[in-house]
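Fold and contact review
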Amino acid sequence: MSNSELKEHHKNPEVTFSEFFTQLSDKRTFQYIITGIIIILIGLSVFFFFKNRAAKKEDLAWFKTGQIINNYYEPTKSAMMFADPNQTYKYNSDVEKYKDCIINFRDVMPSLEKTAAEPVAMFYLGKSYLNIGEYKDAHETFDLLYEKYPKHFLAPMAMLNDGLTLENSKNYEDAINRFKFVNDNYPNNIASAYALYHMSFCYEALGDYDNAVSILDKISGYEDYEIKEFASERKKYLAIHKDSVLSKKPVPSEETPEETPEEEVPETPDQPENPEEPDGNN
């Protein structure tokens, strides 16, 4: 302190100490502010680091998924009837193509977990299984997709395709229940119209002509979709083949095999308890 400050201190020491603590408090406040700013900057750096990392993961996931989906829609040699004979194809057949898609999807699926690309990849994986007749794997894939992403825009289409796997594997009653689920839960989705359409095929397979026809009337609300025309043509087909549909027997399920009525057999005369088997010499 200077001489003047010392004199002032002797005159009014309390004021001087008050000023001292005020200055000290101001210094601590300044330090707190600087520390808070540093912490905020570190927090923002960590936040943007993980955000950029997640964004890169999303971009990579979409890139991998997009590459495989491009292969899914790749034309194959067997599918092109009038193609240029000199044209080269990546795949000789659809089966070869879909099997390759399945292998690629299964390889990348772990890296797609918890990304926006995962449900899309799962959907096309299920479609690939369905296209080559691997119905059990297709069914499990579509069910898993719906279980993990019930609110996703592909959820109704996944359930529709799940019904198709059951229909193609001739589990008609289960397929009908799955199609009903789609119609009940997504009445305004185009998947609902196709679910009703395929329910008609299942009822036909079970020999239920009335339901096979009446279910098609519910598709009338889809004016701007070709499914309405399909339903109209199918009703004409069913009218022509009504007798054929009615002649079909319901397909018995594995759990409850169809029982055949016992025929009345006339009583036979009593025979000895251990009759001799013919020796074949007579």
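Criteria and cut-off values
Residues numbered from 1 in each chain as written. Predicted model: local features only at pLDDT ≥ 70, side-chain atom pairs only at ≥ 80, totals over all residues. Heavy atoms only, no water. Helix = DSSP H or I, 4+ residues; strand = E, 2+ residues; numbered from the N terminus. Expected span 1.5 Å × (residues − 1). Buried < 20%, exposed > 50% of the residue type's maximum accessible area, 1.4 Å probe, protein only. Arc of directions from axis to C-beta. pLDDT = per-residue confidence, 0-100. Contact = heavy atoms within 4.5 Å. Axes fitted to C-alpha atoms, helices over the stretch in contact; angles between N-to-C directions. Parallel < 35°, antiparallel > 145°, perpendicular 65-115°, else oblique. Left-handed = near helix turned anticlockwise from the far one by under 90°. Patch = residues over 30% accessible without salt bridge, like charges linked within 9 Å, V, L, I, M, F, W, Y side chains within 5 Å. Areas by Shrake-Rupley, 256 points an atom, 1.4 Å probe, with all protein chains shown as cover. Salt bridge = Lys/Arg side-chain N within 4 Å of Asp/Glu carboxyl O. Polar contact = N/O pair within 3.5 Å; in protein donor to acceptor, adjacent residues only side chain to side chain. Core = buried A, V, L, I, M, F, W, Y, C linked by side-chain atoms within 4.5 Å.

Re helix H7 (residues 172–185)
- Its 14 residues place the ends of H7 20 Å apart at the C-alpha level, agreeing with the 20 Å of an ideal helix rising 1.5 Å per residue.
- Restricting attention to buried positions, one finds in H7 the residues Tyr172, Ala175, Ile176, Phe179, Val182 and Asn183. On an axial view of H7, the arc spanned by its buried residues comes to 120 degrees, and they lie on one face. In H7, the exposed residues that point more than 90 degrees away from the buried face are Glu173 and Asp184.

Some thoughts on the confidence of the model for the chain
- With 72% of its residues at a pLDDT of 70 or more, the chain shows a mean pLDDT of 81.
- Across residues 253–282 the pLDDT falls below 50, and counting only partners more than four positions away or on other chains, this stretch makes two contacts in the model.

Some words on the packing of helix H3 (residues 94–112) against helix H4 (residues 117–131)
- Contact pair H3 / H4: the axes reach a minimum separation of 9 Å and the direction vectors enclose 155 degrees. For the element pair H3 / H4, the angle class is roughly antiparallel. H3 and H4 meet at a crossing whose hand is left-handed. Residue-level contacts link Tyr98, Cys101, Ile102, Phe105, Arg106, Met109 and Leu112 of H3 to Glu118, Ala121, Met122, Tyr124, Leu125, Ser128, Tyr129 and Asn131 of H4.

Some details on the side chain of glutamate 204
- For glutamate 204, the position within the fold is in helix H8 (residues 190–205).
- For glutamate 204, a relative accessible area of 8% translates into the label buried.
- Other than its neighbours up to four places away in sequence, glutamate 204 contacts Ala212, Arg234, Tyr237, Leu238, Val245 and Lys248.

Digging into a nonpolar patch on the surface
- A cluster of nonpolar residues, Ile33, Ile34, Ile37, Ile38, Leu41 and Ile42, forms a patch on the protein surface that exposes about 540 Å² of accessible area.
- You can see isoleucine 34 is positioned in helix H2 (residues 13–72).

A look at the side chain of threonine 76
- Summarising the element assignment, threonine 76 is placed in the loop between H2 and H3.
- A residue is classified by how much of its surface remains accessible, and threonine 76, at 1% relative accessible area, is buried.
- Reaching out from threonine 76, the side chain makes a polar contact with the side chain of aspartate 94 at a distance of 2.7 Å.

Examining the nonpolar core
- Counting residues in hydrophobic clusters, the biggest one holds 59 residues, and the most contacted among them are Phe105, Phe179 and Ile219.
- The residues touching phenylalanine 179, leaving out its near neighbours within four places in the chain, are Leu160, Gly163, Leu164, Glu167, Ala195, His198, Met199 and Cys202.

A short note on unusual backbone geometry
- Of note in this structure, lysine 114 is not a glycine but carries a positive phi near 65 degrees.
- Mapped onto the elements of the fold, lysine 114 is located in the loop between H3 and H4.
- The phi torsion at lysine 170 lies on the positive side, around 65 degrees, for a residue other than glycine.
- Mapped onto the elements, lysine 170 comes out in the loop between helix H6 (155–168) and H7.

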